[in-house]
Amino acid sequence: MKVLVTGGCGFIGSALIRHIIRHSTAQVVNVDKLTYAATPEALEDCSSNGRYVHEQADIADEAAMERVFAIHKPDGVIHLAAESHVDRSIDGPGIFVTTNVLGTYTVLNRSLAHWKGLSGDAGRHFRFHHVSTDEVYGSLSETDPAFSEQTPYSPRSPYSASKAASDHLVQAWHETYGLPMVMTNCSNNYGLWQFPEKLIPVIILNAVQGKELPVYGAGDNIRDWLHVEDHAVALWQVFRQGRNGEKYNIGGNAERRNIDVVHTICDILDEIGATPGSGSCRDQIKFVTDRPGHDHRYAIDSGKIRRELHWTPSYTFERGLEETVAWYLHNQKWWQDIHARKYDGKRLGASV
Ligand code: NAD
């Protein structure tokens, strides 16, 4: 089997490709433009493997996509490439529309043309797997039931609106043109190789450098945390075994308030003495002006994937977080190089 993965140099895409290369005999074509968020280092183990190839291309570039599909003739597509940072979408929504909406349209159209040219088993087994987010469902109160696959869409940020638009396109290409598809909507991921602009790495790295730990509002926003390696297992399972036309929510069964996540990181760092000050690292916490339209709570009901595919997360949040903290402490060169480059000078906000 040859699977085309878009956005494979990103945080989740790289975990997925490492999982596929380690645990299957499939070949992987990774289409990634290498934006500021790409981490090709996360695929160093795969790059010497004959079953892996990287194509540097923009998913919104029709000619490039046509070329990639013509050369590689994939048996399926797992589409992850996206602009993924909510704060950036508020500062500059245009690229989110270009990549997440137009880019998805381009990959979808190319997949449809390719699928129409397949016959027999190849056509029957082809899948377009769209990787989306729980943020498309909007914001919950503390007492609302968790998001199910039937929850109506109510995106509230430019990022989640662009992802919702892409979900609707994929659903429409299935209903209208018959393109075989599956879709997954997952909660907040964490783990190794997460770009240091998202909440967990920002807190770890600021803490060990003796900097302030910025927390939006009162820190009472609630997210459900999913370890990226559990997510990779779920994606590979849905791609191969998910029912055509179906959507699956994926969550880590770990709802936490942001301030509790920050406290737990501080406690881990205090315990191992990894911060420069003599007091608790909790003293470095600084509450900052909230993000506009900040969704209060996301919670995922992942009963469907558990029932149908028997997937369940293997990490508890506490074990995953301890391992993640240890990983960032042992991989300082990677994040120090990113900090030194300051990519395009954007602040490192505590965003999720
Ligand atoms: P990421 O920002 O870490 O990586 C995105 C990757 O896509 C990068 O390697 C980048 O170079 C590539 N890319 C961006 N624009 C591209 C373009 N125009 N053409 C080709 N490649 C391009 O993102 P991530 O956190 O790994 O998220 C992957 C997917 O999962 C996204 O679709 C995101 O919406 C979704 N998701 C992420 C989370 C999360 O917690 N990180 C949660 C839910 C859903």
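Above: the structure in question.
So, here's what we can say about the structure.

Conventions used here
- Residues numbered from 1 in each chain as written.
- Predicted model: local features only at pLDDT ≥ 70, side-chain atom pairs only at ≥ 80, totals over all residues.
- Heavy atoms only, no water.
- Buried < 20%, exposed > 50% of the residue type's maximum accessible area, 1.4 Å probe, protein only.
- Helix = DSSP H or I, 4+ residues; strand = E, 2+ residues; numbered from the N terminus.
- Arc of directions from axis to C-beta.
- Core = buried A, V, L, I, M, F, W, Y, C linked by side-chain atoms within 4.5 Å.
- Contact = heavy atoms within 4.5 Å.
- Near = heavy atom within 4 Å.
- Polar contact = N/O pair within 3.5 Å; in protein donor to acceptor, adjacent residues only side chain to side chain.
- Areas by Shrake-Rupley, 256 points an atom, 1.4 Å probe, with all protein chains shown as cover.
- Nonpolar A, V, L, I, M, F, W, Y, C, P; charged D, E, K, R; others polar.
- Pairing = 2+ DSSP bridges.
- Axes fitted to C-alpha atoms, helices over the stretch in contact; angles between N-to-C directions.
- Parallel < 35°, antiparallel > 145°, perpendicular 65-115°, else oblique.
- Left-handed = near helix turned anticlockwise from the far one by under 90°.
- Expected span 1.5 Å × (residues − 1).

**Let's talk about helix 13 (residues 332-341)**
Link 1 in the chain: Turning to helix 13, its buried residues number three or more, namely Trp334, Trp335, Ile338 and His339. Here the buried residues of helix 13 occupy an arc of 130° about the axis, which is enough to place them on one side. Along helix 13, exposed side chains directed more than 90 degrees from the buried face belong to Lys333, Ala340 and Arg341.

**Points about the nonpolar core**
If you look at soluble globular proteins, the nonpolar side chains tend to sit buried side by side.
Link 1 in the chain: Formed by 68 residues in total, the largest nonpolar core has its most connected members in Ile78, Ile200 and Ile265.
Link 2 in the chain: Once residues lying within four places of it in the same chain are set aside, the contact partners of Ile78 are Val3, Leu4, Val5, Thr6, Leu16, His129, Val131, Trp236 and Phe239.
Link 3 in the chain: In this structure, Leu108, Phe126, Leu179 and Met183 belong to the second largest nonpolar core, which totals 22 residues.

**Details of the site of the ligand**
Link 1 in the chain: The environment of the ligand is made up of 28 residues, and the closest members are Ile12, Asp32, Ser84, Tyr159 and Lys163.
Link 2 in the chain: The backbone of Ile12 places a nitrogen or oxygen atom 2.8 Å from an oxygen atom of the ligand.
Link 3 in the chain: In isolation the ligand offers 830 Å² of accessible surface; the protein chains occlude 96% of this area.
Link 4 in the chain: Elements supplying a minimum of two residues to the shell around the ligand: helix 1 (11-23), strand 5 (127-133), helix 7 (158-177) and strand 7 (188-190).
Link 5 in the chain: In terms of residue count, strand 5 provides more of the shell around the ligand than any other element does, three residues in total.
Link 6 in the chain: Its residues placed into classes, the shell around the ligand shows 14 nonpolar, ten polar and four charged.

**Some thoughts on the sheet that holds strand 7**
Across a sheet, paired strands are connected by hydrogen bonds in the backbone, their directions being either parallel or antiparallel.
Link 1 in the chain: As summarised here, the arrangement of the three strands in space is 7-9-11, forming an open sheet in which the pairing is mixed. Edge positions in the sheet fall to strand 7 and strand 11 (255-257), since each has one partner strand and no second. Each strand of the sheet is rotated relative to its neighbour by a mean of 50°, with strand direction disregarded.
Link 2 in the chain: The sheet contact formed by strand 7 and strand 9 (residues 222-227) spans three bridges and is parallel. Bridge pairing links Asn188 to Trp225 in strand 9.
Link 3 in the chain: In the packing of helix 12 (residues 317-330) onto the sheet, contacts are made with strand 7, strand 9 and strand 11, and the angle to strand 7 comes to roughly 50°.

**A look at the packing of helix 10 (residues 258-272) against helix 12**
Each pair of packed helices can be described by the angle between their axes along with the distance between the axes.
Link 1 in the chain: The contact between helix 10 and helix 12 brings their axes to 10 Å, and the two run at 60°. The angle between helix 10 and helix 12 places the two elements in the oblique class. Crossing of helix 10 against helix 12: the hand is right-handed. Residue-level contacts link Val261, Thr264, Ile265, Ile268, Leu269 and Ile272 of helix 10 to Phe317, Leu321, Glu322, Val325 and Leu329 of helix 12.
Link 2 in the chain: Residue composition of the contact of helix 10 with helix 12, by class: nine nonpolar, one polar and one charged.

**A word on the packing of helix 8 (residues 199-208) against helix 12**
Link 1 in the chain: For the pair helix 8 and helix 12, the least separation of the axes is 10 Å and the interaxial angle reads 50°. On the basis of the axis angle, helix 8 is oblique to helix 12. Here the hand of the crossing between helix 8 and helix 12 comes out right-handed. Across from Ile200, Pro201, Ile204, Leu205 and Val208 in helix 8, the residues of helix 12 making contact are Phe317, Leu321, Thr324, Val325, Tyr328 and Leu329.
Link 2 in the chain: Taken together, the residues that form the contact of helix 8 with helix 12 break down as ten nonpolar, one polar and no charged.

**Some details on helix 9 (residues 228-241)**
Link 1 in the chain: The terminal C-alpha atoms of helix 9, which comprises 14 residues, lie 20 Å apart, in line with the 20 Å expected from a rise of 1.5 Å per residue.
Link 2 in the chain: Taken residue by residue, helix 9 has Val228, Asp230, His231, Ala232, Ala234, Leu235, Trp236, Gln237, Val238 and Phe239 as its buried positions.

**Remarks on the environment of Asn100**
Link 1 in the chain: Mapping Asn100 onto the fold places it in helix 5 (residues 94-116).
Link 2 in the chain: With a relative accessible area of 1%, Asn100 lands in the buried category.
Link 3 in the chain: Through-space distance from the C-alpha of Asn100 to that of Ala161 is 9.6 Å; in sequence the pair is 61 residues apart.
Link 4 in the chain: Among residues more than four places away in sequence, those in contact with Asn100 are Ala82, Glu83, Ile95, Tyr159, Ser162, Lys163 and Ser166.
Link 5 in the chain: Within the structure, Asn100 has its side chain in polar contact with the side chain of Ser162 (distance 3.0 Å).

**Remarks on the sheet that holds strand 3 (residues 52-55)**
Link 1 in the chain: Here seven strands make up an open sheet; going across it, the order is 3-2-1-4-5-6-10 and the pairing parallel. The sheet is open, and its two edges are formed by strand 3 and strand 10 (247-250), each paired on a single side. Between one strand axis and the next, the sheet turns through 20° on average, direction left out of account.
Link 2 in the chain: Across six bridges, the pairing between strand 5 and strand 6 (residues 181-186) is parallel. When the sheet's bridge partners are listed, His130 is paired in strand 6 with Met183.
Link 3 in the chain: Packed on one face of the sheet, helix 9 meets strand 1 (2-6), strand 4 (76-79), strand 5, strand 6 and strand 10 and runs near 145° to strand 5.

Interpretation in functional terms is not warranted from these geometric data alone.
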